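If you want the building blocks of each chain, they are given just below.
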Amino acid sequence: MKNILLSFCFLGTVSGLRAEDGHQLWLRPHAATPVTVVAPAKNSVLLATARQELQQGWQGRAGATVTLALKKDKAIRYDGFRLSTQSVQANTERGILYGVYELLRRQQTGQALADGISNPSYEHRLLNHWDNPDGSVERGYAGQSIFWRKDSALVVTKRDQKLWQEYARANASIGINGSVLNNVNASPLILSAEYLGRVKAIADALRPYGVKTYLSVKFSSPVLLGGLKTADPLDPAVIKWWQSKAKEIYQQVPDFGGFLVKASSEGQPGPQDYGRTHADGANMLADVVRPYGGLVMWRAFVYSPSDKDRAKQAYNEFVPLDGKFRDNVIVQVKNGPVDFQPREPFSPLFGALKKTAVMPEFQITQEYLGHEIDLAYLAPMWEECLQSDTYQAGPGSTVARCTDGSVYRQAHSAMAGVSNVGLDTNWTGHDFAQANWYAFGRLAWNSSTKSAQIAEEWLKLTFQNAAAQPAASAADWNAKFLTPVTQLMLASREAIVDYSMPMGLHHIMSATHGHYGPGPWWGPPGMRADWTPPYYHQAAANGVGFDRTKTGSDAVSQYHEPLASQFNDPATCPDQYLLWFHHLPWDFKMKSGRTLWDELALHYDRGVQQVRQFQRTWDQAQPYVDAERFGAVQNKLRTQSGNAVMWKDACLLYFQQFSRMPIPAAVEPPMHTLEALIIYDTPPRPPRPARQP
Ligand code: BDP
């Protein structure tokens, strides 16, 4: 096997000379050296894209020849590829394109290029956009939707097309091969003939980059749009309505990927409204799209106010249905059993559904991790979930292996990420939030990639040669920028956990400002309990935490042994999940020897100190970053730092009312009062940047 280390090219790029507004993402242009591309004589858009990318991005030997070969090879799976310095071979045209991006990435990041095969872990790697037809984005922090807008909604402009093309290219470069264009809280409008016209235009822009188009659908569309009396999935008229709607869609978008459905969840209509099961609903739609090769992604995010422990409900609802779904249905499961919190144990549905295809859903947009304000690199959180051992088919049955077809033989495999993209010039609001889009794609391609590797790769692609004064040498740049900023990224999610919801605390944010700041007290009169923090933290004079042990809600029993016993016993339960599974006295003795109260306070303080350290690290990185992005990130870190103090003060002062214990001397004393924080209720956020012109 031939290993060629491509030189880490510092000089001679054009990127240092242009303004860096972040719009180019990890695909900043570089002066290319000439290359000859030999490709199959086929009139193919994907191959034309691959050739163009090579010609405009080649950093290898000038005058080299690269061969693109479409050749069946059993060792290559899905859209995988075989790579060498001079050739890309794949079973599919998409595979060729992905191989080309990998080749260019390795050239740009100076990674060793070993001949070999790269296969995707998952067949379908999808972004879910929570975009509404009026242009707003649910839980979006980067401006309005790139797909929809309120005014002249359906007119497709040249600017729309350019943006969709740029978006598709970014996705293709990291192996994302599908996009769900609209919110899971779906408007029936999306299926109207008018909107389907725009869906077609979007699909046409995404196709040259191998990105398939999917839609979220509202289960009651036959009633709301079709004027039928019912949306009962077993009713022949309903089935007929969906069949003719599918026909209409596939006429416009022949390679349409399928439907994503949030049903019988958070007030959304669903099969249960008609006494039917999730399987009845999903199967009806699956049969409708089957003739076209379509898929149905059916979400397992279900809970109702009636049950005692929200964390148990999805499992209780879906496990009895295992084996009842069609093979073109994939059940989409959030990483944790509650809801995208800064830290949750993995959802017990992973591995427990053995005869059903299950796909992990991660949230790229930072609903609970600081919106567009906080710097949170999320790959470590996803890695933590993917590498968790479920034990469902013996040791080593990780979440990744239970969902990618290695443990169970599902017909399809997939991973979804809720997108953080909007109309902001830099796409994601925070410059570092681009790393999460990038990391999602890289992990969906290879679920065992290490977060650190992804961070380094992204930093090189995004910031190398960005400063007005280039670094003295690669070694200088590595030591002064790459290493410290990689460390910052790797520590960033844990810092947020520490200053907001450490030790298994969850869902204690205020909802007044869309889940950004602290709100352990939060709960307007009449609000259902499971939407308020006191339900989750259960703080009282006798202790804190949600009792999910065998004598509590018994959520622990949804985990396979040895986890059930391990989680059930506070002596063996990992500290990071302690208050998720246990209600413990404030003076409970921790493994560290400290009381629970002291330990909690130290976590909150550590989080605050960490963000201050991030500020210092970033300030020192100034010479290596262009002024625009340096200033933007510096400002956000400043705001984050103040807000972290608010989190710490709010939670410690609030919990202290119950613990009646002093804040340990090692902890920075509060600078706010609890009363002021409760009245204030809205931590500051910097003004929104100007919209893309
Ligand atoms: C919650 C969000 C809500 C989503 C819901 C979902 O707060 O906006 O609609 O998840 O995933 O986290 O359906």
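These numbers come from a predicted model, not from an experiment. (Residues numbered from 1 in each chain as written. Predicted model: local features only at pLDDT ≥ 70, side-chain atom pairs only at ≥ 80, totals over all residues. Heavy atoms only, no water.)

Things to note about the packing of aromatic side chains
Considering all chains together, one arrives at 39 aromatic pairs under this definition. Ring plane angle 55 degrees and centroid distance 5.5 Å describe the contact between F463 and F481, whose orientation is recorded as tilted. Placement of the pair is F463 in helix α12 (residues 451-463) and F481 in helix α13 (residues 474-500), with a sequence separation of 18 residues. The pair formed by F463 and F481 is uniform in burial state, with each residue classed as buried. Their ring planes at 70 degrees and their centres at 5.4 Å tell us that Y654 and F658 sit as a pair that is edge-to-face. In this pair, Y654 and F658 are both assigned in helix α18 (residues 627-659), four residues apart and thus about one turn of the helix distant. A residue is classified by how much of its surface remains accessible, and Y654, at 9% relative accessible area, is buried. (Phe/Tyr/Trp six-rings, centres within 6.5 Å; stacked < 30°, edge-to-face > 60°. Helix = DSSP H or I, 4+ residues; strand = E, 2+ residues; numbered from the N terminus. Buried < 20%, exposed > 50% of the residue type's maximum accessible area, 1.4 Å probe, protein only.)

Some remarks on the site of the ligand
Near the ligand there are 14 residues, and of these E138, K262, K334, D339 and E367 occur at the shortest range. Separating an oxygen atom of the ligand from a side-chain N or O atom of E138 is a distance of 2.4 Å. Note that an oxygen atom of the ligand is positioned 2.7 Å from one of the side-chain N or O atoms of R299. Its free accessible area being 320 Å², the ligand has 97% of it covered by the protein chains. In terms of residue class, the shell around the ligand is built from four nonpolar, two polar and eight charged. (Near = heavy atom within 4 Å. Polar contact = N/O pair within 3.5 Å; in protein donor to acceptor, adjacent residues only side chain to side chain. Areas by Shrake-Rupley, 256 points an atom, 1.4 Å probe, with all protein chains shown as cover. Nonpolar A, V, L, I, M, F, W, Y, C, P; charged D, E, K, R; others polar.)

Section: helix α11 (residues 434-445)
Between its first and last C-alpha atoms α11 spans 17 Å; for twelve residues at 1.5 Å apiece the expected length is 16 Å, and the two agree. Burial of α11 is extensive: twelve of the twelve residues sit out of reach of the surface. Taken residue by residue, α11 has Q434, A435, N436, W437, Y438, A439, F440, G441, R442, L443, A444 and W445 as its buried positions. (Expected span 1.5 Å × (residues − 1).)

What about the confidence of the model for the protein chain?
Predicted confidence across the protein chain gives a mean pLDDT of 94, with 95% of residues reaching 70 or more. Contacts from residues 1-17, a stretch scored under 50 in pLDDT, to residues over four places away or in other chains number 48 contacts. (pLDDT = per-residue confidence, 0-100. Contact = heavy atoms within 4.5 Å.)

As for the sheet that holds strand β2 (residues 35-38)
Backbone-to-backbone hydrogen bonds pair the strands of a sheet. The strands run either parallel or antiparallel. The strand order across the open sheet built from five strands is β2-β3-β5-β4-β7, with neighbouring strands paired in mixed fashion. On the outer flanks of this sheet lie β2 and β7 (116-118), each paired with one strand and no other. When the angles between neighbouring strand axes are averaged without regard to direction, this sheet yields 20 degrees. Here strand β4 (residues 81-84) runs beside β7; their pairing, made up of three bridges, is antiparallel. When the sheet's bridge partners are listed, L83 is paired in β7 with G116. In the packing of helix α1 (residues 45-57) onto the sheet, the strands contacted are β2 and β3 (64-70), and the crossing angle to β2 comes to about 165 degrees. Sheet contacts for helix α2 (residues 93-109): β3, β4 and β5 (87-90); angle to β4, the most-contacted strand, approximately 35 degrees. (Pairing = 2+ DSSP bridges. Axes fitted to C-alpha atoms, helices over the stretch in contact; angles between N-to-C directions.)

Some details on the pairing of strand β12 (residues 295-299)
Where burial is concerned, most of β12 is hidden: five out of the five residues are buried. Neither face of β12 is exposed, since L295, M297 and R299 on one face and V296 and W298 on the opposite face are all buried. As defined by bridge partners, strand β11 (residues 258-261) adjoins β12 across four bridges and the pair is classed as parallel. Note that in β12 the partner of G258 across the bridge is L295. Crossover handedness for the path β11 to helix α7 (residues 278-289) to β12: right-handed. Pairing geometry for β12 and strand β13 (residues 329-334), over four bridges, is parallel. Bridging across to β13, V296 finds its partner in V329. (Right-handed = clockwise from strand over helix to strand, strands pointing away.)

Side note on the sheet that holds strand β14 (residues 357-363)
The strand order around the closed barrel formed by eight strands is β8-β9-β10-β11-β12-β13-β14-β15, and the pairing between neighbours is parallel. This sheet shows a mean twist of 25 degrees between the axes of neighbouring strands, independent of strand direction. Contacting β9 (178-180) and β10 (212-217), helix α4 (residues 193-206) runs over the sheet at an angle of about 150 degrees to β10.

Some thoughts on the nonpolar core
Judged by nonpolar contacts, the single largest core of 206 residues is most densely connected at W437, W618 and F655. By residue number, the principal contributor to this core is α18, which donates 13 residues. (Core = buried A, V, L, I, M, F, W, Y, C linked by side-chain atoms within 4.5 Å.)

A closer look at the domain arrangement of the protein chain
According to the domain assignment, the protein chain contains domain 1 (1-119), domain 2 (124-453) and domain 3 (498-546 + 583-680). In this structure, domain 1 and domain 3 have C-alpha centres spaced 45 Å apart. (Domains from an automatic or database assignment.)

Structural notes on the packing of helix α9 (residues 379-386) against α11
Where α9 contacts α11, the axes come no closer than 10 Å and their chain directions differ by 25 degrees. For the element pair α9 / α11, the angle class is roughly parallel. Between α9 and α11 lies a crossing whose hand is right-handed. Facing A379, W382 and L386 of α9, the residues of α11 in contact are N436, A439, F440 and L443. (Parallel < 35°, antiparallel > 145°, perpendicular 65-115°, else oblique. Left-handed = near helix turned anticlockwise from the far one by under 90°.)

Let's talk about the pattern of salt bridges
Scanning all chains against the criterion turns up 39 salt bridges. The partner of E93 in a salt bridge is K42, and the shortest N-O contact between them spans 2.5 Å. Remark: K42 occurs in the loop between β2 and α1 and E93 occurs in helix α2; sequence separation between them is 51 residues. Classification of E93 as buried rests on a relative accessible area of 18%. A salt bridge links R290 to D327; the shortest N-O distance between them is 3.3 Å. Here R290 is found in the loop between α7 and β12, whereas its partner D327 is found in the loop between α8 (310-318) and β13, with 37 residues between them in sequence. Given a relative accessible area of 38%, R290 falls into the partly exposed group. It is possible to trace a salt-bridge network through shared partners that takes in E102, R105, R106, R442 and E457. (Salt bridge = Lys/Arg side-chain N within 4 Å of Asp/Glu carboxyl O.)

Describing empty space enclosed by the protein
Applying the stated criterion to the full structure yields eight cavities of 30 Å³ or more. In this model, the largest cavity occupies a volume close to 140 Å³. Forming the boundary of the largest cavity are 16 residues, of which A300, F301, A314, G336 and P337 lie nearest the centre. With four residues, the top contributor of residues to the lining of the largest cavity is α8. In the lining of the largest cavity, the residues fall into twelve nonpolar, two polar and two charged. Lining the second largest cavity are Y368, L369, G370, D374, I496, Y499, S500, M501, M509, H515, Y516 and W647. Sorting elements by how many residues they give to the lining of the second largest cavity places α13 first, with three residues. Classifying every residue of the lining of the second largest cavity by side-chain character gives eight nonpolar, three polar and one charged. Counting residues domain by domain, the lining of the second largest cavity receives three or more from each of domain 2 (124-453) and domain 3 (498-546 + 583-680). (1 Å grid on protein atoms, 1.4 Å probe; cavity = no way out; pocket = protein on both sides within 12 Å on 5 of 7 lines; lining within 4 Å. Points joined across faces, edges and corners; volume = space filled by probe spheres on them.)

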